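Residue-level structural notes
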Amino acid sequence: MKVIVNGDARDVPDEATVASVVEDVTAASAGIAVALNGEVVRRSEWAATAVREADRLEVLTAVQGG
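Structural notes, computed from the coordinates. On a predicted model such as this, the values are computed, not experimentally measured, just so you know.

1. As for the overall build of the protein
Per the secondary structure count, the protein includes one helix and five strands. Whereas a compact globule of 66 residues would reach a radius of gyration of roughly 11 Å, the protein reaches 11 Å, a difference of no more than 12%. For the C-alpha atoms alone, the extent of the protein along its principal axes is close to 40 × 25 × 20 Å. In the protein, which comprises 66 residues, the proportion classed as buried is 32%. Contacts in the protein between residues at least 24 apart in sequence constitute 55% of all its contacts with a sequence separation of at least 6. Carbon and sulfur atoms provide 49% of the accessible area of the protein, an area that totals close to 4,400 Å².

Structure below.
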């Protein structure tokens, strides 16, 4: 199925979850925030939150700098 991740169309499996999409998008293991259709998803809910056709995900990674 197709979803939008950070503004780009992406094919994901029908059984995709927020956790599996994040894993595909970034190798970072910390400092990540996710919004699904404009709503922040808590990390503890990523594995249980299903992704559906045409959903929009924003995957943000914190970076250090000054």
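2. A few points about the sheet that holds strand E5 (residues 56-61)
As summarised here, the arrangement of the five strands in space is E2-E1-E5-E3-E4, forming an open sheet in which the pairing is mixed. Of all the strands in the sheet, the pair left with one neighbour each is strand E2 (8-11) and strand E4 (39-41). Geometrically, the sheet is characterised by an average inter-axis angle of 35 degrees between neighbouring strands, direction not taken into account. When strand E3 (residues 32-36) meets E5, the two strands line up antiparallel, connected through five bridges. Note on E5: the bridge partner recorded for alanine 33 is leucine 60.

3. Some details on the side chain of aspartate 55
Here aspartate 55 is to be found in the loop between E4 and E5. Buried charge without a salt bridge: aspartate 55, with arginine 52 as the nearest opposite-charge side chain at an N-O distance of 5.8 Å.

4. Quick look at the side chain of threonine 26
Positionally, threonine 26 belongs in the loop between helix H1 (18-25) and E3. Separated by 3.1 Å, the side chain of threonine 26 and the backbone nitrogen of alanine 28 make a polar contact. Excluding its chain neighbours within four sequence positions, the residues that come into contact with threonine 26 are Ile32, Val59 and Thr61.

Criteria and cut-off values
- Residues numbered from 1 in each chain as written.
- Predicted model: local features only at pLDDT ≥ 70, side-chain atom pairs only at ≥ 80, totals over all residues.
- Heavy atoms only, no water.
- Helix = DSSP H or I, 4+ residues; strand = E, 2+ residues; numbered from the N terminus.
- Rg over C-alpha atoms; globule rule 2.2 N^0.38 Å.
- Buried < 20%, exposed > 50% of the residue type's maximum accessible area, 1.4 Å probe, protein only.
- Contact = heavy atoms within 4.5 Å.
- Areas by Shrake-Rupley, 256 points an atom, 1.4 Å probe, with all protein chains shown as cover.
- Pairing = 2+ DSSP bridges.
- Axes fitted to C-alpha atoms, helices over the stretch in contact; angles between N-to-C directions.
- Lys, Arg positive; Asp, Glu negative; His and termini not counted.
- Salt bridge = Lys/Arg side-chain N within 4 Å of Asp/Glu carboxyl O.
- Polar contact = N/O pair within 3.5 Å; in protein donor to acceptor, adjacent residues only side chain to side chain.

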